[in-house]
Amino acid sequence: MDNLLSRFPFIIIKKGIALLTTSIFEMLPNVGRVRKMKKIQKTDLSLIALIDDLKAKERETGAAIWRDIAVRLEKPRRNWAETNLSKLERYAEDGETVIVPGKVLAAGSISKKVTVAAFSFSAAAADAIKAAGGSVVSIQDLMAQNPKGSKVKILR
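Residues numbered from 1 in each chain as written. Predicted model: local features only at pLDDT ≥ 70, side-chain atom pairs only at ≥ 80, totals over all residues. Heavy atoms only, no water.

Student: Honestly, the packing of aromatic side chains in this entry has me stumped. Any pointers?
Tutor: When we look at a pair of aromatic rings, we describe it by the centre distance and by the angle of the planes. Applying the stated rule across the entire model yields one aromatic pair. Measuring from ring centre to ring centre gives 5.2 Å for W80 and F119, while their planes differ by 80 degrees; the resulting arrangement is edge-to-face. Of this pair, W80 sits in the loop between α4 (64–74) and β3 (81–84) while F119 sits in strand β5 (residues 115–121), and the two are 39 residues apart along the sequence. Of the residues examined, F119 reaches a relative accessible area of 23% and is grouped as partly exposed. (Phe/Tyr/Trp six-rings, centres within 6.5 Å; stacked < 30°, edge-to-face > 60°. Helix = DSSP H or I, 4+ residues; strand = E, 2+ residues; numbered from the N terminus. Buried < 20%, exposed > 50% of the residue type's maximum accessible area, 1.4 Å probe, protein only.)

Student: Hey, could you run me through the pairing of strand β4 (residues 97–105) in this one?
Tutor: On a regular strand, each side chain points to the face opposite its neighbour's, so the side chains alternate between the two faces of the sheet. Counting buried positions over the nine residues of β4 gives seven, a clear majority of the element. Across four bridges, the pairing between β3 and β4 is parallel. Residue pairing across strands places A81 opposite G102, the latter belonging to β4. Handedness of the crossover is the feature at issue here: the chain leaves β3, passes through helix α5 (residues 85–91), returns alongside β4, and the resulting connection is right-handed. The sheet contact formed by β4 and strand β7 (residues 152–154) spans three bridges and is parallel. Bridge pairing in β7 links T97 to V152. For β4 and β5, the ladder comprises six bridges, and the chain directions are parallel. Looking at the pairing, K103 lines up with S120 of β5. (Pairing = 2+ DSSP bridges. Right-handed = clockwise from strand over helix to strand, strands pointing away.)

Student: What should I look at first to understand unusual backbone geometry in this one?
Tutor: Both trends apply: most residues other than glycine have a negative phi, and most peptide bonds are in trans. The phi torsion at K151 lies on the positive side, around 60 degrees, for a residue other than glycine. You can see K151 is positioned in the loop between α7 (139–145) and β7. Taking relative accessible area as the criterion, K151 reaches 80% and is therefore assigned exposed.

Student: Whenever I open this one, the side chain of K55 confuses me. Can you help?
Tutor: With respect to the helices and strands, K55 occurs in helix α3 (residues 45–61). Here K55 is in contact with R67, A70 and E74, once residues within four sequence places are set aside. (Contact = heavy atoms within 4.5 Å.)

Student: For this particular structure, what's the right way to read the nonpolar core?
Tutor: Among soluble globular proteins, nonpolar side chains are generally buried collectively. The biggest cluster of nonpolar side chains holds 18 residues, and the ones touching the most others in it are L54, W66, I69, L73, I99, I139 and L142. Those elements that provide at least two residues to this core are α3, α4 and α7. With five residues, α4 is the single largest residue contributor to this core. Formed by 15 residues, the second largest nonpolar core is a distinct cluster that contains A81, V100, V104 and L155. (Core = buried A, V, L, I, M, F, W, Y, C linked by side-chain atoms within 4.5 Å.)

Everything listed is a geometric property; what it means functionally is a separate question.
Written out as structure tokens, the structure is:
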């Protein structure tokens, strides 16, 4: 009996019945408590508007590509795609339309005429794509040009 009381000081035994004097959770502060994680929200108003437009376009046309791009852009920016020109050269065909849910960077070179849509471009990457005969468009412009999203390749 003394062994029980020394191990569990919050139990009082009266007439053979064990009674709790305090809650076990008061004795052990971090046990049984679920801490809520801080909800991270986007603060860039143009990004929020783009995500809303992508979701609305998916509901309007039924093209799943716009929902996919919206979900990728909702993730933290450190998880976004950062695609180099060398990757565009390697995976995109001549005359193809490619969308990058993130940023296009200027590492490497490109010689194909490719239409590239992305959230942002480095200045050198945009110049290199234009110099190769391709075109640089925003995701909003691509949605307006191709509402069904057909024949568009997503690069990560």
